[in-house]
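Notes for the structure review
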Amino acid sequence: VRPGDIMIGGGVSEVIYSNDSKFKIGDKVVGLTKWQKYSVVKAKDIKLLPPNYPDYSHFLGVLGISGLTAYFGLKKIGQLKEGETVVVSGAAGGVG
C-alpha cells in the first residue's frame, strides 16, 4: 500500500444503485470494497445479506472472513480431537 492509496478490505455496504437485477436499492451487501464513502463494485464480488438483520457488523467478524478462518483453522488444519485443549488469545487479532 502506497501513501494516498485507498484501502481495500471486507465491508458491509448499502446498495444505492445497481444495474444488476439481483440487487435493489437499500439492500445490504458484504464483500471486498474500497474503504471510502462510495465504492463501485462488480455484482460477482459482493453477497446479499439477510434483510433486517440486527447487527450487520457480524458479517465482518464471526460470520465473515475472520470467523471462517478460525473455524477452518481449528477443524481442517488443527484437526482437533476430543480431549484436546485450545487456547485462544483475544490479543492476537481477529482470528486469535
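Residues numbered from 1 in each chain as written. Predicted model: local features only at pLDDT ≥ 70, side-chain atom pairs only at ≥ 80, totals over all residues. Heavy atoms only, no water.

**Points about the side chain of Asp27**
Structurally, Asp27 can be placed in the loop between strand 1 (8-14) and strand 2 (28-34). Not counting the four nearest positions on each side in its chain, Asp27 is found in contact with Ser13, Glu14, Val15, Lys22 and Leu48. (Helix = DSSP H or I, 4+ residues; strand = E, 2+ residues; numbered from the N terminus. Contact = heavy atoms within 4.5 Å.)

**Some remarks on the layout of surface pockets**
In this structure, the largest pocket encloses a volume near 580 Å³. If you trace the largest pocket, you find 23 residues lining it, with Glu14, Tyr17, Ser39, Val40 and Val41 closest to the centre. For the lining of the largest pocket, the element with the most residues is strand 1, which contributes four residues. The computed volume of the second largest pocket comes to approximately 320 Å³. Around the second largest pocket, the lining comprises 14 residues; the ones closest to its centre are Val30, Phe59, Leu60, Gly64 and Ile65. Going through the elements one at a time, strand 1, strand 2 and helix 1 (65-77) are the ones with two or more residues in the lining of the second largest pocket. Classifying every residue of the lining of the second largest pocket gives eight nonpolar, five polar and one charged. (1 Å grid on protein atoms, 1.4 Å probe; cavity = no way out; pocket = protein on both sides within 12 Å on 5 of 7 lines; lining within 4 Å. Points joined across faces, edges and corners; volume = space filled by probe spheres on them. Nonpolar A, V, L, I, M, F, W, Y, C, P; charged D, E, K, R; others polar.)

**Let's talk about the pattern of salt bridges**
Per the stated rule, a full pass over the model turns up four salt bridges. Close ionic contact of Lys28 with Glu14 constitutes a salt bridge, the shortest N to O distance being 3.6 Å. Here Lys28 is found in strand 2, whereas its partner Glu14 is found in strand 1, with 14 residues between them in sequence. For Lys28, a relative accessible area of 25% gives the class partly exposed. On the basis of relative accessibility, which here comes to 47%, the residue Glu14 falls in the partly exposed class. (Salt bridge = Lys/Arg side-chain N within 4 Å of Asp/Glu carboxyl O. Buried < 20%, exposed > 50% of the residue type's maximum accessible area, 1.4 Å probe, protein only.)

**Side note on the sheet that holds strand 2**
Spatial strand order, 1-2-3: three strands in an open sheet with antiparallel pairing. The open sheet has two edge strands with one neighbour each: strand 1 and strand 3 (46-48). Shown here is a sheet whose adjacent strand axes are inclined to one another by a mean of 20°, direction ignored. The pairing of strand 1 with strand 2 spans seven bridges and is antiparallel. Bridge pairing links Gly9 to Thr33 in strand 2. (Pairing = 2+ DSSP bridges. Axes fitted to C-alpha atoms, helices over the stretch in contact; angles between N-to-C directions.)

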